[in-house]
Amino acid sequence: MEKSTVVIGVIGADVHAVGNRIIEFALDHAGFNVVNLGVMVSQKEFVDAAIETNAKAIFVSSLYGQGELDCRGFGDYCKEAGLNNVLLYVGGNLVIGKSDFEPVKEKYITMGFDRVYPPGSDINQGIEDLKHDLEIMD
Amino acid sequence: MPTYLLFDVGSTYTKGCIVDTQKDEILAIANDLTTASIDIAIGIENVKRKMAPVLSKISIDQTLVCSSAKGGLKMIAVGLVPDLTLKAATLACYSAGAKVIGSYSFELNQSELKEIENAQCDILLLSGGTDGGNYEVVIHNAKMIASLAPKFPVIYAGNKSCQDEIVSLFRKANVDCVCCENVMPTYGILQVDQCRELIRELFLRTIVKAKGLSELSSIIDDIVLPTPMSVMEALKLLSKGTSTEIGIGDLMAIDIGGATTDVYSMNAHFVLKDNIGYKGLREPLDKRSVEGDLGVRFSAHNVADLKKDEPEYDHGMRDYLQQIQDNIHCDIDPDKDSVLAAWCTNIATQRHAGRLETSYSPMGVGYYQSGKDLRDVSVMVGIGGPLLHSKDPLSILEMTLSDPNHPEILLPDKLEYYLDSNYVVSCLGLLASRHPDTVVRLLKRNMEKII
Ligand code: B12
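Residues numbered from 1 in each chain as written. Chains lettered and ligands numbered in written order. Predicted model: local features only at pLDDT ≥ 70, side-chain atom pairs only at ≥ 80, totals over all residues. Heavy atoms only, no water.

Engineer: Give me the overall build of chain A: which residues, what numbers.
Structural biologist: Looking only at helices and strands, chain A features six helices and five strands. Secondary structure of chain A in N-to-C order comes out as β-α-β-α-β-α-α-β-α-β-α. Relative to the compact-globule value of 14 Å for 138 residues, chain A shows a C-alpha radius of gyration of 14 Å, a close match. If you line up chain A on its principal axes, its C-alpha atoms span 45 × 30 × 25 Å. A buried classification covers 51% of the 138 residues belonging to chain A. Only carbon and sulfur atoms are counted for the fraction: they give 52% of the accessible area of chain A, which is about 6900 Å². Taking the 11 positively charged and 21 negatively charged side chains of chain A as two groups, their mean positions are separated by 2 Å. (Helix = DSSP H or I, 4+ residues; strand = E, 2+ residues; numbered from the N terminus. Rg over C-alpha atoms; globule rule 2.2 N^0.38 Å. Buried < 20%, exposed > 50% of the residue type's maximum accessible area, 1.4 Å probe, protein only. Areas by Shrake-Rupley, 256 points an atom, 1.4 Å probe, with all protein chains shown as cover. Lys, Arg positive; Asp, Glu negative; His and termini not counted. Charge placed at Lys NZ, Arg CZ, Asp CG, Glu CD.)

Structural data, given as structure tokens:
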């Protein structure tokens, strides 16, 4: 079967690069075709790349605490661009300080994300969820 | 080692030169002013007459021609996302010496299709999707284009996964379609070499016939290249050299015409300083860009519009622009032409160069690069009529330098300037594949340094 493509990147002006490389490695290892846009990625870059590569999912990372601002309107933008069936996952440090995760998660869900991960999440959890959502059997 | 007779036809001047590849010598150079209405064959005959004293003493082994006749090679580029496959397709057209007279992204609609039908292009380049990527859009576009039953050939350089489907679709519609590698096989990677070669072949096969150049076949052996492609081959060699003849290193070049301005940059390596990130499509090391809205005659008005705030945009300039508009062959004002050419250079090189983009956030400032970093390029070559006829070519070429007010535009900090004052670049490009050493030596000898 052809490999499913996942577009990954760190959104906004965020330069935290270490996690991004780990995510690329893990997804590749799990049998996905990874398009890694690296750090400082704009919404437009995510969307453009997903269109051309026929991506099944976009993994957005935000580590530096500005994720909410950077991700605003992301789901709508994807819909405008015709990416109706692309799964949108987001993770990293989405919670600032010690606030609760649940309300933050809600916000991201309303922004159009399908899955939202708390700080310190294991990327393998994300991959498992992706396989489930794409109905890929091991 | 044979002797060649080389011609560049189709522009204002028909240029010719005789090259002895044994002695590495240019035996004769001649030009003839040719208006578009006159037959190309007449221009060639006139040039030959001027070279008669030399021609009578030697025998010519081969006659080769590059041509920009009848508007040059006109292409339409179709892609998916404007910044990705459409940009890749456009760069492929430019690198093959074509002019892009229309470019279309996403699904074509009926009114765009009408435009394509009426545009009278020579070749259409269809791309879209990375390999294994999107195919719905490019298949849709192929069906739309096939519905026109076009007379022009189509090159398919998109997602390889649907190549077979697209070929059979065009074949059923009796459309002349050829395929090559995807111009953007994976995200951000540009791959134009095969496509460029295919464009060249099609140029020979169909275009030459369609443009009435075939009648020349009695006097020439081979119409080898579209003129800008020949220029590119020459500049590439001048820059890189060969294993036995060293080149002059990274360079830029500009050719300012009446309607368009071409900018070239030749780099040995991809430059990404200070470990900053790169965004978007990786541009080619040998890059040509064409500005269809910049030139000193047909596009003069548009150029001036973009420079309304400059002190040179005065009464006199407005009068001159009016004269040009009333009569494109009006008397030339060399000073004003120099100003127009300087503006063309300024805008065209700025569009050609890459950018250092800044990303501001509450957390500080981040940088990344898009396009080519040309800051370390140290040579600028001026080619084409308006530059060579100018009294002050230096003032024109200097407009390439980076602007202290815009450090984000990655243009050279310091340059040496050269002119193709003998009009040999386009002709010598014709020998690039056969006699590269000769070409490098002759180019180095014939570039006039200006200070
Ligand atoms: C190294 C580091 C830096 C380095 C980055 C170097 C580089 N180029 O990578 C430097 C010094 C540049 C830096 C700068 C800053 N940093 Co810093 N940095 C860190 C640090 C110490 C480690 C980050 C790291 O590499 N982690 C290891 C990787 C493997 O983990 P990860 O990034 O979290 O990614 C994993 C998971 O989150 C998950 N994941 C991530 N995305 C996604 C997405 C999906 C869909 C899924 C399923 C999973 C997933 O999988 C990844 C792989 O396992 C963290 C603290 C920490 N211990 O986390 C702070 C930290 C991230 N930085 C922080 C801050 C505030 C900054 C600065 C703003 C500091 C400043 N005031 O200047 C700047 C921001 C600069 C910018 N524009 O981005 C804060 C963020 C606070 C917040 N979000 O609330 C942190 C948390 C420190 C803190 N406790 O305050 N930083």
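Engineer: Please give an account of the nonpolar core that cites residues and values.
Structural biologist: With 62 residues, the main nonpolar core has Val7(A), Phe46(A), Ile58(A), Val60(A), Tyr108(A), Phe113(A) and Leu125(B) as its most contacted residues. Tallying contributions element by element places helix H3 (residues 82–95) of chain B first for this core, with eight residues. Setting aside anything within four residues of it in sequence, one finds Phe46(A) in contact with Val7(A), Ile8(A), Gly9(A), Val10(A), Ile11(A), Leu37(A), Val41(A), Ile58(A), Phe59(A), Val60(A) and Phe74(A). One finds Met252(B), Leu340(B), Ala342(B) and Ile347(B) within the second-largest nonpolar core, a separate group that totals 38 residues. (Core = buried A, V, L, I, M, F, W, Y, C linked by side-chain atoms within 4.5 Å. Contact = heavy atoms within 4.5 Å.)

Engineer: So what's going on with the pairing of strand S6 (residues 99–104) of chain B? Which residues, and what values?
Structural biologist: All names here are of chain B. Here strand S5 (residues 74–78) pairs with S6 via five bridges, running parallel. Paired with Lys 74 across the bridge in S6 is Lys 99. Taking the sense of rotation as the criterion, the β-α-β connection linking S5, H3 and S6 turns out right-handed. (Pairing = 2+ DSSP bridges. Right-handed = clockwise from strand over helix to strand, strands pointing away.)

Engineer: Explain the pairing of strand S2 (residues 33–36) of chain A to me, and be specific about the residues and the numbers.
Structural biologist: Residues and elements named next belong to chain A. Pairing between strand S1 (residues 5–10) and S2: four bridges, direction parallel. Among the inter-strand pairings, Val 6 is bridged to a residue of S2, identified as Val 34. Considered for its hand, the β-α-β crossover made up of S1, helix H1 (residues 18–29) and S2 is right-handed.

Engineer: Can you tell me about the domain arrangement of chain B, naming the residues and giving the values?
Structural biologist: Once the domains are mapped, chain B shows domain 1 (3–70 + 211–220), domain 2 (74–205) and domain 3 (228–450). Domain 1 of chain B and domain 2 of chain B are separated by 34 Å when their C-alpha centres are compared. (Domains from an automatic or database assignment.)

Engineer: Describe the sheet that holds strand S5 (residues 115–116) of chain A, naming the residues involved and giving the relevant values.
Structural biologist: The pairing of strands in a sheet comes from backbone hydrogen bonds and takes either a parallel or an antiparallel form. Residue and element names in this part refer to chain A. Sheet architecture is open: five strands sit in the order S2-S1-S3-S4-S5, paired in parallel fashion. Each edge of the open sheet is held by one strand with a lone partner, namely S2 and S5. Bridge count between S1 and strand S3 (residues 57–62): five bridges; the pairing is parallel. Bridged to Val 6 within S3 is Ala 57. Most of the contacts of helix H2 (residues 43–53) go to S1, to which it runs at about 165 degrees, and overall it touches S1, S2 and S3. (Axes fitted to C-alpha atoms, helices over the stretch in contact; angles between N-to-C directions.)

Engineer: Could you give an account of a negative patch on the surface, with specific residues and numbers?
Structural biologist: Residue and element names in this part refer to chain B. Side chains of Asp 309, Glu 310, Glu 312, Asp 314 and Asp 319 sit close together on the surface and give a patch of like negative charge. Locating Asp 314 in the fold gives a position in the loop between helix H9 (300–306) and helix H10 (315–326). Look at Asp 314 and you get partly exposed, because its relative accessible area is 36%. (Patch = residues over 30% accessible without salt bridge, like charges linked within 9 Å, V, L, I, M, F, W, Y side chains within 5 Å. Salt bridge = Lys/Arg side-chain N within 4 Å of Asp/Glu carboxyl O.)

Engineer: Account for the sheet that holds S6(B), naming residues and giving values.
Structural biologist: All names here are of chain B. Within the open sheet, the five strands sit side by side as S6-S5-S7-S8-S9. Their pairing is parallel. In this open sheet, the two strands that pair with only one neighbour each are S6 and strand S9 (177–179). Taken pair by pair, the neighbouring strands of this sheet meet at an average axis angle of 25 degrees, ignoring direction. Strands in contact with H3 are S5, S6 and strand S7 (123–126); relative to S5, the strand with the most contacts, it is inclined by about 160 degrees.

Engineer: Kindly report on the pattern of salt bridges, identifying the contributing residues and their values.
Structural biologist: Residue and element names in this part refer to chain B. A complete count under the given rule lists 29 salt bridges over all chains for this structure. For Glu 245, the salt bridge goes to Lys 444, with nearest N and O atoms at 3.2 Å. Of the two residues, Glu 245 is situated in the loop between helix H8 (227–240) and strand S11 (251–256) and Lys 444 in helix H15 (residues 436–446); the sequence distance between them amounts to 199 residues. In this structure, Glu 291 and Arg 351 form a salt bridge, with 2.9 Å as the shortest nitrogen-oxygen distance. Highlighted residues: Glu 291 in strand S14 (residues 286–291) and Arg 351 in helix H11 (residues 334–352), separated in sequence by 60 residues. Put simply, Asp 24, Glu 245, Arg 441 and Lys 444 are held in one network by salt bridges that share partners.

Engineer: Run through the packing of aromatic side chains, naming residues and quoting values.
Structural biologist: Ring pairs (aromatic) are described by centroid distance and by the angle formed between their planes. Residues and elements named next belong to chain B. Per the counting criterion, the structure on display carries seven aromatic pairs over all chains. Stacked on the ring of Tyr 368, the Lys or Arg Lys 279 has its end atom at 5.8 Å from the ring centre. In this arrangement the basic side chain of Arg 282 is found over the ring face of Tyr 278, its NZ or CZ atom lying 5.2 Å from the centre. (Phe/Tyr/Trp six-rings, centres within 6.5 Å; stacked < 30°, edge-to-face > 60°. Lys NZ or Arg CZ within 6 Å of the ring centre and 35° of its normal.)

Engineer: Describe helix H6 (residues 123–133) of chain A, with residues and values.
Structural biologist: All names here are of chain A. For H6, every residue scored as buried is listed here: Ile 123, Gly 126, Ile 127, Asp 129, Leu 130 and Lys 131. In the core, the buried residues of H6 are packed alongside S1, H1, S3, strand S4 (87–92) and S5. Between a side-chain oxygen at the N-terminus of H6 and the backbone nitrogen of Asn 124 the separation is 2.9 Å; the capping residue is Asp 122. Within two residues after H6, Glu 135 carries a phi angle of roughly 55 degrees, on the positive side. (Polar contact = N/O pair within 3.5 Å; in protein donor to acceptor, adjacent residues only side chain to side chain.)

Engineer: Give a detailed account of the interface of chain A and chain B, specifying residues and quantitative values.
Structural biologist: Of the residues lining the interface, 18 residues belong to chain A; the matching set on chain B comes to 25 residues. The tally of links from chain A across to chain B stands at two salt bridges. Measuring nitrogen to oxygen at the nearest pair gives 2.4 Å for the salt bridge that ties Lys44(A) to Asp83(B). Sorting elements by how many residues they give to the side of chain A that touches chain B places H2(A) first, with seven residues.

Engineer: Mind laying out the coordination of the cobalt atom of the ligand, listing which residues take part and the relevant values?
Structural biologist: A lone protein donor binds the cobalt atom of the ligand: His16(A) (NE2), at 2.3 Å. For His16(A), the position within the fold is in the loop between S1 and H1. (Donors = N, O, S within 2.8 Å, 3.2 Å for Na, K, Ca; no water.)

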